[in-house]
Structures are given as C-alpha cells and as structure tokens.
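Residues per chain, in single letters:
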Amino acid sequence: MILFLVFTAVALVIAIFLTQNREMSGNWLQFFAKGKEAGFTIKDLEQLRKLVASCQIKDPISIFKSQKQFEIIIRSMVNTVRLSGEHNDPATQYFLSKLFDYFKKIEMESSEHKLKISNSRQISEGQILRVLVAGTGVYKSEVVKNFGNYLTIARPVNTKNAASMQWHGVKISVYFWREDDAGYVFDSEVIDEVFSKGISSLKVEHNDSLFRTQKRKSLRVKFRKAAFLYLIAEDDNPHRLEKSAGLRCMLEDISDTGCAFMVHGQASAGLRLKVQFSLNRIPICIPATVRSVEYNESTNSSLVRMEADPLPIGTRNHILCEVFDMLPEEDEDELPFRVLEEEADEEVKNA
C-alpha cells in the first residue's frame, strides 16, 4: 500500500512536470512565430529569448504586445551593454537597434491612437495655422478661440501681400502641424470678420472631417542643452567631430531623425548644418538639412528644425537611449565641452 502511494505521488510529479514543460515549449514556439511576424530573425529571437528568460517574464509572447514588458527587455539590454563595455561591438549595436526599432513602433502606434484628432472642434487655442486662398496666396494665422459652432482665427497675414482683403464668404484651405502628432488639412469658409480678445479675427466654419497627413516619423523629446553649429562643406565628412567651438545655439528637442534648436539671427531653410553636443559624456554630431524656420523679429532669434542624415548606428542608439529616458544622470564635471557649453548656455540666457 505504501509502495503504491509512493509510486502514485512520483507519477503525479512527473505528469505535472511534463505538462508544464509542454506548456513552456508551446509558449516558446508561439514566441518564435510571433517574433518572425514582428520582423526579427531567428538569430535575433534567440538573443531575445535569453533576455526574456533573464528578466523572468512569465509570458514570453507578451513582450510583442506590451510597451511595459518590452521596455523591461530593452532596459536590461541597455544596462548590459553599459556594464559590459560592449558599446563598440557592431553586432551588439545592430541588435540593440532592432530592439529600439520595434519599441519605437509600439510607442508610436500607441501615441498615434491617443493623440490624433478627427474634427476642427478639437484644435487647441494658439495652434499656428497656414491659410491658403486659391489664386491669392498662403497666409499665416492662429486659433484665437474654438467654439462649438465656429472657429475664431487671427486675421491671416502675408508679408508679400500686404493689401487689405475682404474675407467674408471667402473659401479657404487650412493647414496645421499638431505637436507630437501629424499634419492636418481641412476646407472651410469665412463666416464673418470680428474682434476677439482685442484681435482682428475671422469666424470660420467647422469641418467634421480632417485629412491627416505627414505623420511624424519618430518620437521627439524636449531636450534643452547648449550645442554648437557648423556649416557643412560639400567635400566635408558631415559626421566628423569638430574640435573648436562653432556658432552657439540651444537645443529644444531631439530624436533619432533630427532636432530643433534656437539660434540668434534669421536662419534659412535648405541649409546643410551639423549640430554638436555632449550626451552622457559622449560627443554627438548630427549632420542635417534645415527643413523649417520660425523667425521671431522681436528677439531676433530663430527656431530651426532639422532633418538628420542617416546616423551611425551607435550614435542613433545613444540618442534613442535619451529619447526613452534610459541614460543615467549626467555628471557635469566630466562632460566633454563642459566649459564651452557653459559659455553657450550663458550667452543664450543673456540674449
């Protein structure tokens, strides 16, 4: 009888072990299948499997659906690279880049769903607008107030067409870029010319169907830091680090595809520039093309947005570590260009 009970207990333990093992095998099979759908190679997935195991994630498949779970994975990889000193290994940087690409995809899809708008009633006050009048030109304006029945915008201005214009009844097309979201366009008609908040304004009809275009290609984060600008010569290596100080500027945001900065004077679109700064004790150089400029005449300064050239994989990964807040706090005393940064910072403050 005792022998029978012992045998039964052992059999039960073996059965439970085999069941659990089959379940885990099934999970890993699904993990590899889902990973292939996500664009990872078998070699990538084997590395990813080890990360999942080391992070003790119970459901391996969850990393492909959950921002939180994938963030655990990528933070573990970033910390491993930092501690092991493998940041110069091309294979390691390539794998980290693949992880960042997928993490960025999850983040952007989630943000896009939360941020996008569908009608003009959702446009925020202060939103900068471009107003197109067929056969006349493009005007600059902004939203003054947004009411349920109509939208009030500042009277559009065009420096090249200073003549007064009767706006009542004019059909317009309105374009705007929504911060951290996308570009939008809608058609409308001017209802009346009014004063709102003491500003000469127009009442325009709402539109319940916005056309969404020019979706953002990357995640940008606020990043206020002193930096230096350099013109890129045609025969120059745009990624070469400069050893002397250039034109001082102040970075405003950053991404792996570009950045924005404030600079004294009036800049021009189309310029080829590179911006150089220090990020967590590592010098960073971003060669780029100026895509847009917002000039403030009262302060004689420009907000410049640049689209970056394809960056070296290590530089891109390091910037994405900043974008996703995966870098440790900087020790200012150890930063390259520290003295130059302080000078630039002080100069921008005193401007």
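Parameters at a glance
- Residues numbered from 1 in each chain as written.
- Predicted model: local features only at pLDDT ≥ 70, side-chain atom pairs only at ≥ 80, totals over all residues.
- Heavy atoms only, no water.
- Helix = DSSP H or I, 4+ residues; strand = E, 2+ residues; numbered from the N terminus.
- Expected span 1.5 Å × (residues − 1).
- Buried < 20%, exposed > 50% of the residue type's maximum accessible area, 1.4 Å probe, protein only.
- Polar contact = N/O pair within 3.5 Å; in protein donor to acceptor, adjacent residues only side chain to side chain.
- pLDDT = per-residue confidence, 0-100.
- Contact = heavy atoms within 4.5 Å.
- Core = buried A, V, L, I, M, F, W, Y, C linked by side-chain atoms within 4.5 Å.
- Salt bridge = Lys/Arg side-chain N within 4 Å of Asp/Glu carboxyl O.

Another point: helix α3 (residues 67–84). The terminal C-alpha atoms of α3, which comprises 18 residues, lie 25 Å apart, in line with the 26 Å expected from a rise of 1.5 Å per residue. Of the positions making up α3, those classed as buried are Phe70, Ile73, Ile74, Ser76, Met77, Val78 and Val81. Two or three places before lysine 68, at the opening of α3, serine 66 has a side-chain oxygen 3.3 Å from that residue's backbone nitrogen.

Attention shifts here to the confidence of the model for the chain. Scored by pLDDT, the chain has a mean of 82; 82% of the residues are at 70 or more. Taking the mean pLDDT of every element in the chain, the minimum, 45, falls on helix α6 (residues 338–349) and the maximum, 94, on strand β11 (residues 272–279). Considering only residues more than four positions removed or in separate chains, one finds that residues 3–25, a stretch of pLDDT under 50, has zero contacts. Within the model, pLDDT remains below 50 along residues 332–351, and this stretch shows 35 contacts once partners closer than five positions in the same chain are excluded.

Side chains that are nonpolar tend, in soluble globular proteins, to be buried together. Ranked by size, the top nonpolar core spans 54 residues in total, and within it Leu48, Val275 and Phe277 carry the most contacts. The element best represented in this core is helix α4 (residues 90–115), accounting for eight residues. With residues near it in sequence (within four places) discarded, leucine 48 still touches Phe31, Phe40, Ile63, Phe64, Ile73, Phe95 and Leu99. Judged by nonpolar contacts, the second largest core, of 22 residues, contains Ile123, Leu151, Ile153 and Val174.

Moving on, we get to the pattern of salt bridges. Scanning the model with the defined rule gives 20 salt bridges in all. Between glutamate 252 and arginine 224 there is a salt bridge, with the nearest N and O atoms lying 3.0 Å from each other. With a gap of 28 residues between them, glutamate 252 in strand β9 (residues 247–255) and arginine 224 in strand β8 (residues 221–231) connect regions that are remote in the sequence. According to the relative accessible area criterion, glutamate 252 is partly exposed, its value standing at 25%.

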